[in-house]
Structure formats: C-alpha cells, structure tokens
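Structural overview
As a plain string of letters, each chain reads:
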Amino acid sequence: MAHAVKGVVAAGRGARVSVETILVPDPGPGEALVAVRACGVCHTDLHYREGGINDEFPFLLGHEAAGVVEAVGDGVTDLEPGDFVILNWRAVCGSCRSCLRGRPQYCFNTHNAAQPMTLEDGTPLSPALGIGAFAEKTLVHSGQCTKVNPKAPAEVAGLLGCGVMAGIGAAINTGGVTRGDSVAVLGCGGVGDAAIAGARLAGARTIIAVDLDDTKLEWARRFGATHTVNAREQDVVEAIRELTEGNGADVVIDAVGRPETFQQAFYARDHAGLAVLVGVPTPDMVLELPLIDVFSRGGAVKSSWYGDCLPSRDFPMLIDLYLQGRLDLGAFVSETIGLGDVEKAFEDMHHGRVLRSVVVL
C-alpha cells in the first residue's frame, strides 16, 4: 500500500520548490517507514535545488530530520514501530574495506531504501541524501534510523542528522580537539557554530570565531567562542596568531569551504597544527599552495565528511549531553516553520538571517 502524503519537491534547476502529494510505499526488506516530526533546512537542500549535487530531478528535499518509526520491512530486527529516531545518510554496510578495517565512519557502501517514492503520476523522486524528509512520511533503509532518547524534542534532535553533527564532528572526531587546545573556526553559520560548541565540549582553552558579520560573531560567543575576529577589519592569519601567543592555533576549522579561507586556515595553524575542511567547496574551486610550505610547516590537512561521525555512536551521546544541559542544541533553532515555508527559509539562509529554520510537522 502506498501512503499519499505532502512533501517539498524541487522540479528543476533553480525552480521554486513546491508542496506536492507524493506516494510513499510500505517498507520492503531492510526498510523503514518513518513519520517525520521535524526537519532542518540545510544548505545541501539548496544545493540540490540549484543542481549543484546532480541533475536527477525531481528531488524530494530534506534530510536533517527526526521522527517516529511507523513500520519496518522483513529482516529488520533492531527497530520497531514507535521508536524515536534521527535519520542519517551514513547507513554503514559493515562489509566494505573501510568497515572491515574498523573505520565504519568512512564506509564506501552506505545503504538507502530500494523502493522509490513517487509523484502521483508515478514519476520517481530522488530523495535528498537518500532521505527526503521535507515530507509527512519518508521511506529509508533501516540503517538510516538511529534510536535516541525520545525526551529530546524532534526539532532539536533532527539537527544532528547533518549540519550540527558535521560541525561538532569536525572539532571532536576529525580535529581531535582536546583539553587545553587552541581552536579557530572560519565561518560562523550553523556548521561553524557547531564546531565551536564541539571545541568547548572537548575542553579547548582558546576558541577563536572568524566571520565577516558581527551578528554571526555574537552568535558564536553564545556557543563558546572566547575571541572573535571580523575578517573585514583584520588580517585573519595575523589576528589568530596574536590571540595564540604568536604561534597560531592547534586546530583551524574552515567551515566556509573556499580556497581563500582554506589558505587562511592552513597558515593560521601552529607548526605541526591541523587544518580541517568541513565547508563544502564547489567542483570548480582550485587550491594553490607552495609545496615547500606544505613540507616545512608539518602537521596535517584533513577533510571532514559528515564530521567523521558514526551515527550509532555519536547521536545518542550528543542527545544525552543535550538532556544533561551540556549541549544547547536549541540555540541553533532560529525559527520553526511549515512545509510551505521552505522557499522563504532558503532565502533567509542565503542572506545569513538564520542559523536554522526547522520544518515541524
């Protein structure tokens, strides 16, 4: 049986999104049907709408979500109807070369639902990141469902499904930030502020927030930044060095994802320090660095994909920290909206007026 529900669809490159009736099938083997309770509006959804991911239109947008399992398919033994879950786009396979070497966070063969969701006329939809959660219900692989404490409100729990997890993970998992470290974060939107929150959780002594917007720098202070640098007014590299006794930061996280910001991250780190790229560049961007500088400065350069997270490990832990009052996930939610407000939320996000708009169903 197919479930007729409302969902937000991007029909073509750059076209305004619309709320359409979509058909969601009952779960097949290994799949789960989830009633979506909340879904954050992430930059990746806008990239899908603009054709920046691929051209497999129409897309069913939304992926940063939490909800309740309604039904499961054959072979699913670790979920049951009524479970409160965060949806993730890294359902690890357990059998690829990365999983077998004990590094499932780098799984090369993640799972998605096999059955398509469609428009009423039968047109198959491409769900964003294999999820498609700007919808009343969605169909996913059971491995994309991570059970967490249901005491957490869905509008904050769902944020771990993408942006907040990417930022916290960039600091803790990829960056390995630990007590006493100095950390600089370039770009203080949702991902950057999450990296700041992660650095504070890990015990960083100095946390430097860098942005072009004073409003965003004030947001960064709420999440734990000890110092702020307005990149319009100061040389970023020199400012970070001045705040770290002339040395540079132990870890510098680029949450923007442009060649110029990554160059700043590279040179603003201490000798043998770490530069982490978590901001997503476009395919045409090219980075140029003198090879002698790569050699002589030591340290490392890393990319952070989904914060190098393992959902089964990281989501429940971070929800517990939220419930203990140690991680203010609620501070990321600028507004709650309905399915019909996603287009405006894209505009607000593009202009930096919100950290996260969250669709509540």
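For clarity, every value in this text was computed on a predicted model and none was experimentally measured. (Residues numbered from 1 in each chain as written. Predicted model: local features only at pLDDT ≥ 70, side-chain atom pairs only at ≥ 80, totals over all residues. Heavy atoms only, no water.)

Our focus in this paragraph is the overall build of the protein chain. A tally of helices and strands in the protein chain yields eleven helices and 18 strands. Relative to the compact-globule value of 21 Å for 361 residues, the protein chain shows a C-alpha radius of gyration of 20 Å, a close match. With 361 residues in all, the protein chain has 55% of them scored as buried. If you take every contact in the protein chain between residues at least 6 apart in sequence, the share linking residues at least 24 apart comes to 69%. Of the accessible surface of the protein chain, which amounts to about 15200 Å², a share of 49% is contributed by carbon and sulfur atoms. Considering the protein chain, the positive charge centre built from 29 side chains and the negative charge centre built from 44 side chains are found 5 Å apart. (Helix = DSSP H or I, 4+ residues; strand = E, 2+ residues; numbered from the N terminus. Rg over C-alpha atoms; globule rule 2.2 N^0.38 Å. Buried < 20%, exposed > 50% of the residue type's maximum accessible area, 1.4 Å probe, protein only. Contact = heavy atoms within 4.5 Å. Areas by Shrake-Rupley, 256 points an atom, 1.4 Å probe, with all protein chains shown as cover. Lys, Arg positive; Asp, Glu negative; His and termini not counted. Charge placed at Lys NZ, Arg CZ, Asp CG, Glu CD.)

Turning to the UniProt feature "domain: Enoyl reductase (ER)" (unreviewed entry) in the protein chain, a few remarks are in order. Taking the UniProt record as the reference, the feature "domain: Enoyl reductase (ER)" (unreviewed entry) is found at residues 14-359. Segment residues 14-359 splits into 28% helix and 25% strand. End C-alpha atoms: 21 Å apart. (UniProt positions renumbered as here; feature names shortened; annotations may be inferred.)

Structurally, the position occupied by Asp254 is in strand E14 (residues 249-254). Separated by 3.1 Å, the side chain of Asp254 and the backbone nitrogen of Gly257 make a polar contact. Excluding residues within four positions of it along the chain, Asp254 makes contact with Leu186, Thr261, Phe262, Ala265, Val276, Leu277, Val278 and Gly279. (Polar contact = N/O pair within 3.5 Å; in protein donor to acceptor, adjacent residues only side chain to side chain.)

Core analysis: the largest hydrophobic core is formed by 88 residues, its most contacted members being Leu87, Phe134, Ile196 and Ile253. Taken domain by domain, the makeup of this core includes at least three residues from each of domain 1 (2-161 + 328-360) and domain 2 (167-305). Beyond its immediate stretch of four places on either side in the chain, Ile253 contacts Ala170, Ala171, Val183, Ala184, Val185, Leu186, Ala195, Val276 and Val278. Among the nonpolar cores identified, the runner-up in size contains 15 residues, and Leu186, Ala265, Ala268 and Ala275 belong to it. (Core = buried A, V, L, I, M, F, W, Y, C linked by side-chain atoms within 4.5 Å. Domains from an automatic or database assignment.)

Let us now look at the packing of aromatic side chains. What the rule picks out here adds up to six aromatic pairs. With a centroid separation of 4.9 Å and 65° between ring planes, the pair formed by Tyr48 and Phe59 is classed as edge-to-face. Here Phe59 lies in strand E4 (residues 59-60) and Tyr48 lies in helix H1 (residues 43-49), a separation of eleven residues in the sequence. For the pair Tyr48 and Phe59, one class covers both residues: buried. Seen from their ring centres, Trp89 and Trp305 are 5.4 Å apart, and the 70° between their planes marks the pair as edge-to-face. Pair noted here: Trp89 is in the loop between strand E6 (84-87) and helix H2 (97-100) and Trp305 is in the loop between strand E16 (300-303) and helix H10 (311-323), with a separation of 216 residues, a long-range link. Since its relative accessible area comes to 13%, Trp89 is described here as buried. (Phe/Tyr/Trp six-rings, centres within 6.5 Å; stacked < 30°, edge-to-face > 60°.)

Moving on to the pattern of salt bridges. In a structure, side chains of opposite charge can pair up when their charged atoms sit close to one another. Applying the stated criterion across every chain, the model contains twelve salt bridges. Residue Arg356 is joined to Glu64 by a salt bridge in which the shortest nitrogen-to-oxygen separation is 2.8 Å. Taken as a pair, Arg356 in the loop between helix H11 (342-350) and strand E18 (357-360) and Glu64 in strand E5 (residues 64-72) lie far apart in primary sequence, 292 residues in all. Classification of Glu64 by relative accessible area gives buried; the value is 1%. (Salt bridge = Lys/Arg side-chain N within 4 Å of Asp/Glu carboxyl O.)

For residues that are not glycine, phi is negative in most cases, and the peptide bond is trans in most cases. Cis geometry marks the peptide bond from Phe57 to Pro58, where omega comes out at -5°. One can find Pro58 in the loop between H1 and E4. Phi angles above zero are rare outside glycine, and Tyr306 is one such case at about 60°. Take Tyr306: it is sitting in the loop between E16 and H10.

For the rest of this paragraph, the subject is the sheet that holds strand E1 (residues 2-10). Read across the sheet, five strands follow the order E7-E2-E1-E4-E8 without closing on themselves; strand pairing throughout is mixed. The open sheet has two free edges, formed respectively by strand E7 (118-119) and strand E8 (126-127), since each of these has just one partner strand. For E1 and E4, the ladder comprises two bridges, and the chain directions are antiparallel. Bridge pairing in E4 places Val9 opposite Leu60. (Pairing = 2+ DSSP bridges.)

Looking now at the environment of Ser357. Within the fold, Ser357 resides in strand E18. The exposure class assigned to Ser357 is buried, which follows from its relative accessible area of 2%. Considering only alpha carbons, one finds Ser357 and Thr123, 234 residues apart in sequence, at a separation of 29 Å. Apart from the residues within four sequence positions on either side, Ser357 is in contact with Cys39, Gly40, Val41, Glu335, Ile337 and Ala345. At 2.6 Å, the side chain of Ser357 and the side chain of Glu335 are in polar contact.

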